[in-house]
Amino acid sequence: MAINDSEPELDVSGWSEKQKAELALKLLQSVSTSTLSSVTSRLLPLLHRDFLVQLPIELASHILSFTDLQTVARASLVCRQWWTIAHDNSVWKTLFNATGFKVNENFLDQCLKNPGLFWEGERRLQNERWEAERRAEVAANEETSATNKDLLHIFGREDIKKLRSAPPSSHLQPSHAHLQPSHAVRPGSTQIKFVSGNDEKSFSSTLSARASASASPIRSQRRDSLTTPGLFDSDDISPAFGHDSGFLDKVMMQSSVGSLGSGPSGSTSLYGSSPTFSKGKSALYHSLLYGGVEAPSRAGTPPPTVRSLFTKDPDDERYSGLDWKHIYKQHKLLQRNWRDDVRTSRSITGHDEAVYCLQFDDDKIISGSRDDTIRVWDMKTGALRSTLAGHTASVLCLQYDGQNIVSGSSDATMILWDLPTGRVLRTMHGHTEHVLNVRFDRDHIVSASRDKTIKVWTRKRNGGGECRMTLRGHRASVNCVQLNGGVIVSASGDRLIKLWSMETGEVIRSLQGHEGGIACVQYDGRLIASGSSDTTIKVWDVRMPDAHARTLTGHTDLVRTLQFDANRLVSGSYDETIKLWDIRATSSTRTNSSLGLGGRRARVTPPTSPESPRAVDSGTGSPVSSSGLLHTIEHAHAERVFKIQFDEARIVSCSEDKVIRIWDYSSNVDARFFV
């Protein structure tokens, strides 16, 4: 029925929200289902509001910085605007800092002074990838040529001449009746296309192309060779979200990136061109791994133009203008190499006897040996820089900083050296037997000896060396000592670990859990890791009343040396192996749930008890043991491993075989940001 134009329109402007809602409901109830569906589809967009897009980019990226890596990955897939927010530099800087990763600040300072250094490593890695692809393509061409020679051998010259005179589309019909079925080629399966050249080398076929492709699939590998592994591993995403294992790889490889885009004023865009949401995995890699780096079209092309070092507001705060997504990516790839045991190795020789101890940095390695000398080596070239002679017996231990080296020897002395000149500043006497370990901080030097004592010495710039106190309490040789935050940790052949107060010299607590003498220990202020002649490693959490001992088994001989950081523990043994463990799996929690101990705790008694019981599972009475082993470097040395040290990218080890070995995990990674 038509509405009379003379009738006044219904004025609802004065109605309350409740009255309007009731009227709308009654109207919707009166229409057909199809009309209701149409109205609903028009109403739904009004109920959705993208608050993140409506906020300023600074505030939106700040909100996203409170999330984790997986959330950022998912956010980048929502839409183009979210993709831009997810790539904001402040998000990646916060993500990097939240992981606890450390950067090489000296190198970052150099980058601020010389921005070209930042991308120098990336250019070098890309050139190496292109060169590797070029070599692979040459090898494939050589294989194709070899296949052509095989065809020539099969068909003979006369066949080749007939094929040359035939149309290009002619099917190869073998005329040799004596050919065996295995040599025959079915009609239609092979096409011959002649190219310029002599009769013997100037033809190619799809048959040879297939042989080449099966033996060396260059084209299928080309995209992968240009895309380093993704920022996200398949195990980075929680299964609770229900995504397939490749979800994060797809996320962080979003969009193919062309040349650098332009900002509002024609300046270079922060993240290159806008994302193209492609289904191709290769396209996904180039976006979040390379950002504004243009993917090369073929092997041998010049390096692509890379984005500016500074992404935005270089004066915001120190390092804020650096491309933190690139730094994060490099560390992620480095961690993947550690996880997958991707490494190279090289050796340094020069000592005349077994090498007992070492320490290294990015510039040098300093080692001590049974040949009574300390030697300084160039880290990059392995060349010997200098030899320090002063001890009259084996150099068993050493530590250095920017100014001094402190060494301990079988001659029962310690020597304080001036590092830049190699000059002896002072020889310290006090121990009556071998000095087995030394550690120092700004004000103190702590030594451990075979005479069962620990001595604390004063340390001053280019001086000091007076014995301040002697700590007694161990019943056997004190094999190792650590110094951290006013606490001394010692470990002995008596199977005890003791924590001492630097100020008073009193024992704070004692830990027992090993069934043999303890050869090495490390203390970071919270965790203690120890290695023993019982072939095990134990990890203790001293924050807990009972220390939550966790045992790692895997070595078959005495564990002589170890070191750990926030991610991994590395150990070296008399079984000639080096093992890498996941320290995160070995770190205990208050419930011990991460240790797989069912909430039970290992028993450790305070030092007032005459005999502290062994660390055992209180439920079963058996030693606490589980596996956190990542990798084993078998036959790391030809003889017993005496010392290992590692940083973000390398393990350096020494042995009774007189060799220093460097195990490098920075393949295809610009590790200058971290070491």
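Residues numbered from 1 in each chain as written. Predicted model: local features only at pLDDT ≥ 70, side-chain atom pairs only at ≥ 80, totals over all residues. Heavy atoms only, no water.

## Description of the overall build of the protein chain
Secondary structure assignment for the protein chain yields 15 helices and 30 strands. In the protein chain, which comprises 675 residues, the share counted as buried stands at 49%. Considering only contacts in the protein chain between residues 6 or more positions apart, those separated by 24 or more positions represent 54%. A total of about 32900 Å² of accessible surface is found on the protein chain, and carbon and sulfur atoms cover 50% of it. (Helix = DSSP H or I, 4+ residues; strand = E, 2+ residues; numbered from the N terminus. Buried < 20%, exposed > 50% of the residue type's maximum accessible area, 1.4 Å probe, protein only. Contact = heavy atoms within 4.5 Å. Areas by Shrake-Rupley, 256 points an atom, 1.4 Å probe, with all protein chains shown as cover.)

## Some details on the sheet that holds strand β23 (residues 550–552)
As summarised here, the arrangement of the four strands in space is β20-β21-β22-β23, forming an open sheet in which the pairing is antiparallel. With one partner strand each, in any of the chains shown, β20 (518–523) and β23 form the two edges of the open sheet. Pairwise comparison of adjacent strand axes, ignoring direction, gives a mean angle of 20° for this sheet. For strand β22 (residues 537–541) and β23, the ladder comprises three bridges, and the chain directions are antiparallel. The residue of β23 that forms the bridge with I537 is L552. (Pairing = 2+ DSSP bridges. Axes fitted to C-alpha atoms, helices over the stretch in contact; angles between N-to-C directions.)

## Some thoughts on the sheet that holds strand β29 (residues 650–655)
Pairing is antiparallel in the open sheet, where four strands are placed in the order β3-β30-β29-β28. Only two strands of the sheet have a single neighbouring strand rather than two, namely β3 (344–349) and β28 (641–646). For this sheet the average axis-to-axis angle between neighbouring strands, irrespective of direction, equals 20°.

## Quick look at the confidence of the model for the protein chain
Keep in mind that low pLDDT regions are not for reading the predicted coordinates in detail. Taken over all residues, the pLDDT of the protein chain has a mean of 74, while the share at 70 or more is 67%. pLDDT under 50 marks residues 168–316. Its contacts with residues more than four places away, or in other chains, come to 295 contacts. Note on residues 588–626: pLDDT is under 50 here. Beyond four places in sequence and across chains, it has 92 contacts. (pLDDT = per-residue confidence, 0-100.)

## Some thoughts on the pattern of salt bridges
Summed over all chains, the structure comprises 24 salt bridges. In this structure, the salt-bridge partner of D541 is R543, at a minimum N-O distance of 2.9 Å. Owing to a relative accessible area of 0%, D541 belongs among the buried residues under this scheme. D670 serves as the salt-bridge partner of R672, at 2.8 Å between the closest nitrogen and oxygen. (Salt bridge = Lys/Arg side-chain N within 4 Å of Asp/Glu carboxyl O.)

## As for the pairing of strand β26 (residues 578–582)
A regular strand carries its side chains on alternate faces of the sheet. Where burial is concerned, most of β26 is hidden: five out of the five residues are buried. Residues I578, L580 and D582 of β26 are buried on one face, and the alternating residues K579 and W581, pointing to the opposite face, are buried as well. In this sheet, β26 lies alongside strand β25 (residues 568–573) in antiparallel orientation, the contact comprising five bridges. Residue pairing in the sheet places V570 in a bridge with L580 of β26. The hairpin formed by β25 and β26 contains four residues between the paired strands, and E576 there has a positive phi angle of roughly 70°. Relative to strand β27 (residues 629–633), β26 runs antiparallel, the two being bridged by four bridges.

## Description of the nonpolar core
Of all hydrophobic cores here, the largest spans 46 residues; its most connected members are W92, L108, W324, I327, I578, L580 and I651. Of the residues forming this core, the biggest block, six residues, is contributed by helix α14 (residues 324–340). Core analysis: the next-biggest nonpolar cluster, separate from the first, contains 15 residues, C480, V487, L499 and A547 among them. (Core = buried A, V, L, I, M, F, W, Y, C linked by side-chain atoms within 4.5 Å.)

## Details of the environment of V507
Tracing the backbone shows V507 in strand β19 (residues 507–512). Under the relative-accessibility criterion, V507 is labelled partly exposed at 31%. Separated by 20 residues in the primary sequence, V507 and V487 have C-alpha atoms spaced 9.8 Å apart.

## Observations concerning unusual backbone geometry
For R495, which is not a glycine, the phi torsion comes out positive at approximately 75°. Within the secondary structure, R495 is located in the loop between β17 (487–492) and β18 (496–501). Positive phi outside glycine occurs at H635, with the angle close to 50°. Relative to the elements of secondary structure, H635 occurs in the loop between β27 and β28.

## Focus: the packing of aromatic side chains
For the structure on display, the rule yields twelve aromatic pairs. Ring centres 5.9 Å apart and planes at 75° place the aromatic pair Y574 and F642 in the edge-to-face group. Placement of the pair is Y574 in the loop between β25 and β26 and F642 in strand β28, with a sequence separation of 68 residues. Here R640 stacks its cationic end above the ring of Y574, 4.4 Å away from the centre of that ring. (Phe/Tyr/Trp six-rings, centres within 6.5 Å; stacked < 30°, edge-to-face > 60°. Lys NZ or Arg CZ within 6 Å of the ring centre and 35° of its normal.)

## Observations concerning α14
Over its 17 residues, α14 extends 24 Å from the first C-alpha to the last, a length consistent with the 24 Å expected when each residue adds 1.5 Å. With respect to burial, α14 is a largely interior element, 15 of its 17 residues being buried. Where α14 begins, the capping side chain belongs to D323, and its oxygen is found 3.2 Å from the backbone nitrogen of K325. Residue D341 follows α14 closely and has a positive phi angle near 60°. (Expected span 1.5 Å × (residues − 1). Polar contact = N/O pair within 3.5 Å; in protein donor to acceptor, adjacent residues only side chain to side chain.)

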